[in-house]
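Results of the structural survey
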Amino acid sequence: DIQMTQSPSSLSASVGDRVTITCRASQPINNYLNWYQQKPGKAPELLIYAASRLQSGVPSRFSGSGSGTDFTLTISSLQPEDVATYYCQQGYNAPKTFGQGTKVEIK
Amino acid sequence: QVQLQESGPGLVKPSETLSLTCAVSGGSISDYYWSWLRQSPGKGLEWIGYIYSSGRNNYNPSLKSRVTISVDTSKNQFSLRLSSVTAADTAVYYCAREGYNSGHYYFDSWGQGTLVTVSS
């Protein structure tokens, strides 16, 4: 199985800050990397697929980059509604695997 | 916009079989992969397996010996059976659709999730 490792596990930032979350795959996965946002008590929602393609309806302050083993999710200007846990997921092969999550809070 | 809704017992006894159904509305179940996933505090998000509308399936090797996923295209729904459950199978179970674009697959629609507790 491909192991996905996220860092940090949690962060606290101020409204308007630029926030960066990283995800590392245990082997190269090209750009088969997806990002999800999960708010408390809710199902995850797709933010970005294919490492950098923004899902329809997702605010443009979210962006993704990377290829191979190292990937980044960036929130350009943190908003109160972005408080959530963010997960990366590899779609390179089965079994599909997720990172352990990064919890984002407002300072 | 497609919507998914899980249903099934919220409490299952140890050694018994967990059974859940996911009803798909607002779109056809045809021509997509449909997955079951679960989330527990100890193990995070875990993909259980998928089924294609034709019936072809693929399961997580860690659960393969206990999992069956089936599809009923006439009812626009698919189902999960997980046998010989233990407390470790206690989790929120989600059904989800795999959307696709240019060879990339991603979970683009999710059910709300249903908590299943394994306890006597």
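Structure: see above.
Residues numbered from 1 in each chain as written. Chains lettered and ligands numbered in written order. Predicted model: local features only at pLDDT ≥ 70, side-chain atom pairs only at ≥ 80, totals over all residues. Heavy atoms only, no water.

1. Side note on the packing of aromatic side chains
Here the structure, examined in full by the defined rule, presents 18 aromatic pairs over all chains. Their ring planes at 35° and their centres at 6.3 Å tell us that phenylalanine 62 of chain A and tyrosine 86 of chain A sit as a pair that is tilted. Of the two residues, phenylalanine 62 of chain A sits in strand β7 (residues 62-67) while tyrosine 86 of chain A sits in strand β9 (residues 84-90), which places them 24 residues apart along the sequence. Here the two residues phenylalanine 62 of chain A and tyrosine 86 of chain A agree in accessibility, since each one is buried. Among the aromatic residues, ring-to-ring pairing joins Tyr32, Tyr33, Trp34, Trp36, Trp47, Tyr50, Tyr52, Phe78, Tyr100 and Tyr105 of chain B into one connected group. When the ring centre of tyrosine 32 of chain B is taken as reference, the NZ or CZ atom of arginine 97 of chain B above it lies at 4.2 Å. (Phe/Tyr/Trp six-rings, centres within 6.5 Å; stacked < 30°, edge-to-face > 60°. Helix = DSSP H or I, 4+ residues; strand = E, 2+ residues; numbered from the N terminus. Buried < 20%, exposed > 50% of the residue type's maximum accessible area, 1.4 Å probe, protein only. Lys NZ or Arg CZ within 6 Å of the ring centre and 35° of its normal.)

2. So, the side chain of serine 35 of chain B
All names here are of chain B. Looking at the element boundaries, serine 35 is found in strand β4 (residues 33-40). The exposure class assigned to serine 35 is buried, which follows from its relative accessible area of 0%. Polar contacts involving the side chain of serine 35 include one to the side chain of tryptophan 47, which spans 3.0 Å. If we skip the residues at most four places from it in the chain, serine 35 touches Trp47, Gly49, Tyr50, Phe78, Tyr94, Cys95, Ala96, Glu98 and Phe107. (Polar contact = N/O pair within 3.5 Å; in protein donor to acceptor, adjacent residues only side chain to side chain. Contact = heavy atoms within 4.5 Å.)

3. A word on a nonpolar patch on the surface
All names here are of chain A. Nonpolar side chains collect at one region of the surface, where Val15, Val83 and Ile106 lie side by side and expose about 200 Å² of accessible area between them. Position of isoleucine 106 among the secondary structure elements: in strand β11 (residues 102-106). What makes isoleucine 106 partly exposed here is its relative accessible area of 31%. (Patch = residues over 30% accessible without salt bridge, like charges linked within 9 Å, V, L, I, M, F, W, Y side chains within 5 Å. Areas by Shrake-Rupley, 256 points an atom, 1.4 Å probe, with all protein chains shown as cover. Salt bridge = Lys/Arg side-chain N within 4 Å of Asp/Glu carboxyl O.)

4. Observations concerning the state of the cysteines
Residue and element names in this part refer to chain A. Counting across every chain of the model gives 2 disulfides over all chains. The disulfide partner of cysteine 23 is cysteine 88, and the gap between their sulfur atoms is 2.1 Å. Judged by the sign of its S-S torsion, about 75°, the cystine formed by cysteine 23 and cysteine 88 is right-handed. With cysteine 23 in strand β3 (residues 19-25) and cysteine 88 in strand β9, this residue pair connects regions lying 65 residues apart in the sequence. Owing to a relative accessible area of 0%, cysteine 88 belongs among the buried residues under this scheme. (Disulfide = S-S within 2.5 Å.)

5. Things to note about the pairing of β3 of chain A
Here is the key point about a regular strand: its side chains alternate between the two faces of the sheet. Residues and elements named next belong to chain A. The side-chain alternation of β3 yields one buried face, formed by Val19, Ile21, Cys23 and Ala25, and one unburied face, formed by Thr20, Thr22 and Arg24. The sheet contact formed by strand β1 (residues 4-7) and β3 spans 4 bridges and is antiparallel. The partner of serine 7 across the bridge, within β3, is threonine 22. (Pairing = 2+ DSSP bridges.)

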